[in-house]
Amino acid sequence: NQTFKFVLNADATDQEPPASLMTLTKLGLTANEGTPDFNTVATTNEGIYAAEDDLGTSYYFRGAVENNYVKFANFYWRIIRINGDGTIRMIYDGTSAHANGESSTDRQVGTTAFNTNYNDNAYVGYMYGTPSSSTYESTHANTNNSTIKTANDNWYKTNIADAGYSQYVADAIYCNDRSLSSGTGIGTTITYYMAYNRLSTNKTPGLKCTQANDKFTTSSSLGNGILTYPVGLITSDEVAYAGGTSSSTNSSYYLYSGQFYWTMSPNDFNFGNSSVWLVYSAGNLNTGFVNRSSALRPVISLKSDITFSGNGSMSQPFEIVS
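Rules and cut-offs
Residues numbered from 1 in each chain as written. Predicted model: local features only at pLDDT ≥ 70, side-chain atom pairs only at ≥ 80, totals over all residues. Heavy atoms only, no water. Disulfide = S-S within 2.5 Å. Helix = DSSP H or I, 4+ residues; strand = E, 2+ residues; numbered from the N terminus. Buried < 20%, exposed > 50% of the residue type's maximum accessible area, 1.4 Å probe, protein only. Core = buried A, V, L, I, M, F, W, Y, C linked by side-chain atoms within 4.5 Å. Expected span 1.5 Å × (residues − 1). Arc of directions from axis to C-beta. Salt bridge = Lys/Arg side-chain N within 4 Å of Asp/Glu carboxyl O.

**Some thoughts on the state of the cysteines**
Item 1. Enumeration over the complete set of coordinates arrives at one disulfide.
Item 2. With its sulfur 2.1 Å from that of its partner, C175 forms a disulfide with C209. Given an S-S torsion of about 80 degrees, the disulfide between C175 and C209 has right-handed geometry. Of the two residues, C175 sits in strand β11 (residues 174-175) while C209 sits in the loop between α4 (194-202) and β14 (215-216), which places them 34 residues apart along the sequence.
Item 3. Residue classification places C209 among the buried residues on the basis of a relative accessible area of 2%.

Next comes the structure, spelled out in structure tokens:
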């Protein structure tokens, strides 16, 4: 396997390129210019594009890409994007490598409800406050673990922390965007959250997390500092950037698994139920009541100063050089 080592020559202004570009170059990858059409699904290998996140320029993979495989902690992962700080965000993809378009329950770590309870706006939270509260702040306080956060933390502890791989994992922002599109977000008031506005109405996904309370991190300098372990879920916006839409199915892009699996993005409270965005078994984005059982696919970020072997292909995934 080829090992990519990165040496940077200072330019005339003696300024380093963005950390994310340095990581992209270190992996031997290049990005496209422009912005894709998010009204359409990405069924071919569209490559890598740039978008702004909370930390700078992020580079995301779109469509049926074949150069974003990682083997880490004896599992296979697919790179979602290079975060703005240069860390590498990736989603769990199995105990063996899976080709694009392959339906397999191996591409998840199990199934779980997002929250066992559903009859209050509070339950759209990855963590949540007090149901039947009279204020937004108390409803969406990060007091109680959701059902899926507990499952995610338990998986991470057993398979990453206790297995001795924590040293390679970076803190990152995992966004549970509870900002409001309409409604109050309180009690049983009909409410739509901003991911609904971005993905259903405007078809304009975004990577910025606007509310500090929704930036789930282990460090308070990066976000809310509430996480015990640096693990989260993919957002519905990241799925849209990757090539999924709410209007069409897509069995070709790298996020397709043939299963229903959870994102971290609230959609609404309506019909007496909290709902969160899911990737459906046909690869499309849609919503589901939080008490349904769907797949868990953990998302973690690797540190930017790691040296890798491989070229990111299915047969030669990126692997940490010890």
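From this point, the narrative continues.
**What to know about the nonpolar core**
Item 1. By size, the foremost hydrophobic cluster in this structure holds 65 residues, and its most contacted members are F72, W77 and L255.
Item 2. With five residues, strand β5 (residues 75-82) is the largest single contributor of residues to this core.
Item 3. Within the second largest apolar cluster, six residues are counted, among which are F38, Y49, Y60 and Y241.

**Regarding helix α3 (residues 147-161)**
Item 1. Between the first and last C-alpha of α3 there are 20 Å, a value that for 15 residues agrees with the 21 Å anticipated at 1.5 Å per step.
Item 2. Here α3 has its buried residues at I148, K149, N152, D153, W155, Y156 and I160. Buried residues along α3 cover an arc of 165 degrees about the axis, so they all sit on one side.

**Topic: unusual backbone geometry**
Item 1. The backbone of N74 shows a phi angle near 70 degrees, a positive value even though the residue is not glycine.
Item 2. Within the fold, N74 resides in the loop between β4 (69-72) and β5.

**Overview of the pattern of salt bridges**
Item 1. The full count for this structure, using the stated rule, is 13 salt bridges.
Item 2. R81 is paired through a salt bridge with E238; the nearest N and O atoms lie 2.8 Å apart. In this pair, R81 sits in strand β5 while E238 sits in helix α5 (residues 236-242), placing the two residues 157 residues apart along the sequence.
Item 3. For E238, a relative accessible area of 2% corresponds to the buried category.

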